Amino acid sequence: MTIFLRIVLAVGMACGVLASAGHIAAADAKSLNIVFVSPGKTGEVYWDMVAQTMRAAGRKLDAQVEVLTSERNYRTMQELGLGVVARADKPDFLILSNEESAAVPILEAAEAAGVRTLLLSNTLIGEDAVRLGPPRQKLKTWLGDITTDLQTAGARMANALISTARAEKWQSPDGKIHILGIGGDEITPASIARNAGLKLAADAAPDVVVDRMLFANWTQSEAEQVTANYLGWAARKEIRPAGIWAGNDPMALGALRAISAAGLVPGRNIEVVGLNWSEEALREIKAGRLLLSDGGHFLLGGWSIVLLRDYADGCDFADLSPRVEVKTSAITRDNLGSVGDLIKTRAFDRIDFSRFRAKAGHCGQYDFSLDALISSLALPDGAGD
């Protein structure tokens, strides 16, 4: 009996060591209440997918995620955020996006109320960034931000257009490759970064001219109109348009419509690139009409829950940096098959979000790459039959 007890104790101690070397056991972890104030509209693909990946990650990581939608009204967004901060029963964490710098009053109110916050997609810029400094300094409850390297994405998109145009010899009579840039807006950090990427790539290419940098408020209809206007102008000036760079997929889809209406064939004598990994864009990639869609940044929703779960369990992502930057990836016809079904079905419960948590002793170190995502996917129901 004594020997048996010793064996039991030894096994128990070994298990304890193993548990402490990995993540906190689920039984010891507190269920989290998290509120996300979305800046988007109901039915807006990107922000809907952000919220869906949050909820899918919450189901895997014992976190209840409440989503409040501001319907693209930044006053509403502030009212919703301030309302959460003022609740008697406050959430464990509040996730905000600093679109059009609208999150700042909420961040400051959250500091006064002791509500821990995380900024997603858009962080502080300009005077706000100077005044408030980095996370956890003046605003102790502002834990950090999770963003994507959208400047690199913007440059990658532009370089894909340029490479194709050079290979196809789509120069205008002046010997230059002519491109139209369509940005979402001029003030949102995520837009500024994408637009800067386009400029970076164009500035590095002496044979490339960005004829216009126009803004379409992230919408398909406005992008269709500005593209039609540009193509009409190019025809009058005897310029051969080689490509259209669009800051998101809806604007790329609008550009495709205008191109077809002008009698051009996208994918055959002009190329278009977008960003979002939207189902509609992936359909156009498969059809050969859209060159690529960069993105994967809607997964910031799921990754944010991973960060907060780790933080709550004592593995602070700020051990490396309070600012987590995730790389995006381009989906083309070459890799469409690996993630196309996941996006089409939005079956984000197939992602094993627990696999992305930081290991003990390596807090703040995350692999949120496309390869890691693909390897984490469970097979769709019936796929193994």
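Look up: the structure comes first, before these words.
Values in this document were obtained by computation on a predicted structure and should not be read as measured data.

Undergrad: Would you mind going over the overall build of the protein in detail, with residue names and values included?
TA: Helix and strand counts for the protein come out as 13 helices and twelve strands. Computed over the C-alpha atoms, the radius of gyration of the protein is 23 Å, within 12% of the 21 Å expected from 2.2 N^0.38 for a compact globule of 385 residues. For the protein, the spread of C-alpha atoms along the three principal axes comes to 90 × 50 × 35 Å. Long-range contacts, defined here as pairs at least 24 residues apart, represent 75% of the contacts in the protein between residues at least 6 apart. Here the protein has roughly 17100 Å² of accessible surface; of this, 53% comes from carbon and sulfur atoms.

Undergrad: I'd like a rundown of helix α3 (residues 74-85), residues and numbers included.
TA: Compared with the 16 Å implied by 1.5 Å per residue over twelve residues, the 17 Å span of α3 between its first and last C-alpha is a close match. Those residues of α3 not exposed but buried are Tyr74, Met77, Gly81, Val84 and Val85. The buried side chains of α3 occupy one side of the element, clustering within an arc of 100 degrees when seen end-on. α3 presents Arg75 and Glu79 as exposed residues on the side facing more than 90 degrees away from its buried surface. Each element contacted by the buried residues of α3 is listed here: β1 (32-38), β2 (63-69), β3 (93-96) and α4 (104-113). Two or three places before arginine 75, at the start of α3, stands the capping residue asparagine 73, its side-chain oxygen 3.0 Å from that residue's backbone nitrogen.

Undergrad: Please set out the packing of aromatic side chains residue by residue, giving values where relevant.
TA: Per the counting criterion, the structure on display carries twelve aromatic pairs. A ring pair is formed by tryptophan 277 and phenylalanine 298, whose centres lie 6.0 Å apart and whose planes are at 70 degrees; its orientation type is edge-to-face. Here the residue tryptophan 277 occupies a position in the loop between β9 (271-275) and α10 (279-286), and phenylalanine 298 occupies one in the loop between β10 (292-295) and α11 (300-312), the gap between them amounting to 21 residues. Taking relative accessible area as the criterion, tryptophan 277 reaches 3% and is therefore assigned buried. Given the relative accessible area of 1%, phenylalanine 298 is considered buried. Taken together, a centroid distance of 6.5 Å and an interplanar angle of 50 degrees make the contact between tyrosine 311 and phenylalanine 317 tilted. The buried category is assigned to phenylalanine 317, whose relative accessible area is 0%. Cluster of aromatic residues (ring-pair linked, three or more members): Trp303, Phe353, Phe356, Tyr366 and Phe368. For arginine 136, the ring lying beneath its charged end belongs to phenylalanine 317, and the centroid distance is 5.4 Å.

Undergrad: Account for the side chain of asparagine 248, with residues named and values stated.
TA: Relative to the assigned elements, asparagine 248 resides in the loop between β8 (241-246) and α9 (249-261). A relative accessible area of 6% places asparagine 248 in the buried class. One polar contact links the side chain of asparagine 248 to the main-chain amide nitrogen of methionine 251, over a distance of 3.0 Å. With residues near it in sequence (within four places) discarded, asparagine 248 still touches Arg194, Trp218, Gly274, Leu275 and Asn276.

Undergrad: How would you sum up the pairing of strand β5 (residues 142-148)? Please name residues and give values.
TA: Among the seven residues that make up β5, seven are buried, leaving the element largely enclosed by the rest of the structure. In the sheet, strand β4 (residues 116-120) pairs with β5 via four bridges, with the strands oriented parallel. Looking at β5, one finds that threonine 117 is bridged to tryptophan 142. Where the polypeptide runs from β4 across helix α5 (residues 126-132) and back to β5, its parallel neighbour, the crossover connection is right-handed.

Undergrad: Break down the pattern of salt bridges for me, citing the residues and quoting the values.
TA: Opposite charge on two side chains makes pairing possible when the charged atoms of those side chains draw close. Applying the stated rule across the entire model yields 20 salt bridges. What you see here is one network of salt bridges that share partners, running through Arg309, Asp310, Asp313 and Arg357.

Undergrad: Can you lay out the sheet that holds β1 for me, pointing to particular residues and giving the numbers?
TA: Pairing in this open sheet of six strands is parallel, and the strands run β2-β1-β3-β4-β5-β11 from one edge to the other. Edge strands, defined here as strands with exactly one partner in the open sheet, are β2 and β11 (323-326). The sheet shows a mean angle of 20 degrees between the axes of neighbouring strands, direction not considered.

Undergrad: Which residues make up the environment of phenylalanine 317, and what values go with them?
TA: Structurally, phenylalanine 317 is set in the loop between α11 and β11. For the pair phenylalanine 317 and threonine 42, spaced 275 residues apart in the sequence, the C-alpha separation amounts to 31 Å. Once you skip the residues sitting within four places of it in the chain, phenylalanine 317 turns out to touch Leu118, Arg136, Leu143, Gly144, Leu307, Tyr311, Pro322, Val324, Gly364 and Tyr366.

Undergrad: Describe the nonpolar core, listing the residues and the values that go with them.
TA: Core analysis: the largest hydrophobic core is formed by 77 residues, its most contacted members being Trp303 and Leu373. A per-element tally of this core places helix α2 (residues 45-61) first, with nine residues. With residues up to four places along the chain from it excluded, the contact list for leucine 373 reads Trp277, Leu299, Trp303, Val339, Leu342, Ile351 and Phe356.

Undergrad: Outline the state of the cysteines, supporting the account with residue identities and numerical values.
TA: Counted by the stated rule, this structure contains one disulfide. Here cysteine 315 is linked by a disulfide to cysteine 363, with a sulfur-sulfur distance of 2.0 Å. When the S-S torsion is -120 degrees, as for the bridge of cysteine 315 with cysteine 363, the disulfide is left-handed. You can see cysteine 315 sitting in the loop between α11 and β11 and its partner cysteine 363 sitting in the loop between α12 (336-345) and α13 (370-376), a full 48 residues away along the chain. Since its relative accessible area comes to 15%, cysteine 363 is described here as buried.

Rules used throughout
- The numbers attached to residues start from 1 for each chain and follow its sequence in the written order.
- Where totals are concerned, whole chains, interfaces and linings use all residues; where local detail is concerned, this predicted model gives features only for residues with pLDDT of at least 70, and gives and counts side-chain atom pairs only at 80 or more.
- The basis for every side-chain value is the complete set of heavy atoms in the structure, and neither hydrogens nor water enter the calculation.
- Numbering of helices and strands runs from the N terminus; a helix is a DSSP stretch of H or I covering at least four residues, while a strand is a stretch of E covering at least two.
- C-alpha atoms define the radius of gyration, and 2.2 Å times the number of residues to the power 0.38 defines the globule rule.
- We call two residues in contact when some of their heavy atoms are within 4.5 Å.
- All accessible areas in this document rest on Shrake-Rupley with a 1.4 Å probe, and a residue is counted as covered only by the protein chains that are shown.
- Take the residue count of a helix, subtract one, and multiply by 1.5 Å to get its expected span.
- Throughout this description, buried means an accessible area under 20% of the type-specific maximum (1.4 Å probe, protein chains only), exposed means over 50%, and partly exposed covers the range between.
- Here the arc refers to the set of directions running from the helix axis out to each C-beta atom.
- Any N or O atom pair separated by 3.5 Å or less is treated as a polar contact, with the protein-specific requirement of one donor-capable and one acceptor-capable atom, and with residues adjacent in sequence counted only for side-chain atom pairs.
- Working definition: rings of Phe, Tyr and Trp (its six-membered ring) pair if their centres are within 6.5 Å, and the pair is stacked with planes under 30 degrees apart, edge-to-face with planes over 60 apart, and tilted otherwise.
- Charge over a ring is defined by NZ of Lys or CZ of Arg lying within 6 Å of the ring centre and within 35 degrees of the ring normal.
- By the convention used here, strands pair only if DSSP detects at least 2 bridges between them.
- Crossovers are marked right-handed if the path from the first strand over the helix to the second runs clockwise, as seen with the strands pointing away from the viewer.
- What makes a salt bridge here is a side-chain nitrogen of Lys or Arg within 4 Å of a carboxyl oxygen of Asp or Glu, nothing more.
- Structural elements are reduced to axes, namely lines fitted to C-alpha atoms, with helices fitted over the stretch in contact, and the angle between N-to-C directions of any two is expressed from 0 to 180 degrees.
- By nonpolar core we mean a set of buried residues, namely Ala, Val, Leu, Ile, Met, Phe, Trp, Tyr and Cys, connected to one another through side-chain atoms within 4.5 Å.
- The rule for a disulfide is simple: a pair of cysteine sulfur atoms within 2.5 Å.

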